[in-house]
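A closer look at the structure
Listed here are the chains, written in short residue letters.
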Amino acid sequence: MTTAQTQELDVQPTPLALLLLGREADPRSERGVECPGDLPSPSDPDLVARARAAKEKLGDKVFVLGHHYQRDEVIQFADVTGDSFKLARDAAARPEAEYIVFCGVHFMAESADILTSDDQKVVLPDLAAGCSMADMATAEQVAECWDVLTEAGVAEQVVPVSYMNSSADIKAFTGKHGGTICTSSNAERALNWAFEQGEKVLFLPDQHLGRNTAVRDLGMSLEDCVVYNPHRPNGGLSAEELRAAKMILWRGHCSVHGRFSLDSVDDVRERIPGVNVLVHPECKHEVVAAADQVGSTEYIIKALEAAPAGSKWAIGTELNLVRRLANRFAADDKEIVFLDKTVCFCSTMNRIDLPHLVWTLESLAEGTLVNRIEVDRETEAFAKLALERMLALP
C-alpha cells in the first residue's frame, strides 16, 4: 500500500506488523518479541510426550490456562478453558499453584498477575503474543485524550469504561479516574452503572463493543456516539462534538471480529437457507444489526449447546473456536460454519504453539523461570480497583 493510499484511508504507518512477526522490537511497547532459549522444532514427533512429561513433573506447582481461541495442540494441555476474565479468576482460585502458564495473550496474563497472589508467577509462553486491539490504546494516548476532554470542559462529566481487552496501564487509568472494567458479557451493566455516575462515557479500546452496547442494549442513537481517533489532533473532534456526545468511543477494534461484513451475512444466508447467524459484539454495528443473535464467547458456546439437532449456524468469532465447536457438535447433526468464507485466525493468539509451550514447561520443570509477566504495584492497585468495581456491578 502506498503512502497516498494510507493517508486516504486514514491509516497511520506503524511497525505493528513487524512486531507481530517478531522482526523488530519497540522499546516503548509493553511487551517484548524475543523468546530466550532454544525452541524445540515444530517437527519434533515427541512434542506432545515432552509437554505431558514436563507437566506431570511439575504436578500441582503449575496451572495451565487455555483461552478459547488457542490452537487445539495447546488447548489439550489446559487445566481450564474460558475467556480472559474467567481464566484470571480461575488462576486466583488456585493459590497452591506456583506457576500460572497463561496460553492466551499479554493483557490476559497481566490480568492474571493482578488477581493472583504475590507468591504466584504468571508466565506467557511467547512474549510476542499481544493483542492488536489492546495495543491500539497506549497510556500516553489515553492521558492525552483526557487532556483534550479537560480542555473541552467535559472531563468532570466523563466516566471511563474499559474493556477487559486492554493493558494493565489502561485498566489503572480507568481505576484512577473513577471508572470500571467490563467484559462482553456485562458491558450493558457497566454502562448503566457509568451513566449513574456521570453524563458521558469514554469507552476503551473497542469502538464496536461500546457502540453496539449503547445502541442495541441501551437504546441510544448512533448520533449519540463519536469516535476519538488518537492519531488526529484533539482526537479529530471539536469541543462542541465532545459536549454533545454521550458515548466517546476510542478508535480501536479487534482485527478478527472487525473483518466480518454485512456481505458475509448476506452471503451465508444465501448459501445456507435457514441458517442462524450468531456473532460476537466486537463485530461492526451493521453486522450485529443483521445477526439473529449476539453474545460473548461463553454465550456463543451455550447457545450452540442448547441448539436443537439439525439446526444450522454461522458463527462470527475466531476460527479456532468455531472449528472446535463444529467438530464437537457434528455428532448432534448441528451444522456450524465460519461466518466469513476467508479463513482468519487471531495471529497473535496463534503465537502460542506447542514448541513454545514445551519450552516453557520444560524450563519451569528444570527450575528456570521464563517469560514472567509482572505488573508493578501502583499499576496493579489502580487496575484492581477498576476490576473490583466491575465485580460489584449490580
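Coordinates for the structure precede this section.
Everything in this summary refers to the structure shown in the same document.

About the cut-offs
Residues numbered from 1 in each chain as written. Predicted model: local features only at pLDDT ≥ 70, side-chain atom pairs only at ≥ 80, totals over all residues. Heavy atoms only, no water. Helix = DSSP H or I, 4+ residues; strand = E, 2+ residues; numbered from the N terminus. Rg over C-alpha atoms; globule rule 2.2 N^0.38 Å. Buried < 20%, exposed > 50% of the residue type's maximum accessible area, 1.4 Å probe, protein only. Axes fitted to C-alpha atoms, helices over the stretch in contact; angles between N-to-C directions. Parallel < 35°, antiparallel > 145°, perpendicular 65-115°, else oblique. Contact = heavy atoms within 4.5 Å. Nonpolar A, V, L, I, M, F, W, Y, C, P; charged D, E, K, R; others polar. Salt bridge = Lys/Arg side-chain N within 4 Å of Asp/Glu carboxyl O. 1 Å grid on protein atoms, 1.4 Å probe; cavity = no way out; pocket = protein on both sides within 12 Å on 5 of 7 lines; lining within 4 Å. Points joined across faces, edges and corners; volume = space filled by probe spheres on them. Pairing = 2+ DSSP bridges.

Details of the overall build of the protein
Counting secondary structure elements, the protein contains 17 helices and 14 strands. Relative to the compact-globule value of 21 Å for 394 residues, the protein shows a C-alpha radius of gyration of 21 Å, a close match. If you line up the protein on its principal axes, its C-alpha atoms span 60 × 55 × 50 Å. In the protein, buried positions account for 55% of the 394 residues.

Things to note about the packing of helix α6 (residues 106-115) against helix α17 (residues 377-391)
Running from N to C, α6 and α17 point in directions that differ by 90°, and their axes come no closer than 10 Å. Comparing their axes, α17 and α6 come out roughly perpendicular. Residues Asp-113, Ile-114 and Leu-115 of α6 form the contact with α17, whose own contacting residues are Glu-380, Ala-383, Lys-384 and Leu-387. In the contact of α6 with α17, the residues fall into 4 nonpolar, no polar and 3 charged.

Here we look at the pattern of salt bridges
Enumeration according to the criterion identifies 17 salt bridges in this entry. Close ionic contact of Arg-216 with Asp-217 constitutes a salt bridge, the shortest N to O distance being 3.5 Å. Given a relative accessible area of 45%, Arg-216 falls into the partly exposed group. Relative accessible area serves as the criterion here: at 33%, Asp-217 is assigned to the partly exposed category. Salt bridges sharing partners connect three or more residues here, namely Asp-44, Arg-50 and Glu-362.

So, empty space enclosed by the protein
Inspection of every chain in the model, using the stated rule, returns 2 cavities of 30 Å³ or more. Volume-wise, the largest cavity comes out at about 350 Å³. What lines the largest cavity is a set of 30 residues, and nearest its centre among them are His-67, Tyr-69, Met-108, Asn-165 and Glu-282. Elements supplying a minimum of two residues to the lining of the largest cavity: α5 (84-92) and α6. Among the residues forming the lining of the largest cavity, the class breakdown is 13 nonpolar, 14 polar and 3 charged.

Section: the sheet that holds strand β4 (residues 121-123)
Taken together, the 5 strands give an open sheet; going across it, the order is β2-β1-β3-β4-β14, and neighbouring strands pair in mixed fashion. Both outer strands of the open sheet, β2 (80-82) and β14 (372-373), are each paired with one neighbouring strand and no more. When β4 meets β14, the two strands line up antiparallel, connected through 2 bridges. Bridging from a neighbouring strand, Val-123 pairs with Arg-372 of β14.

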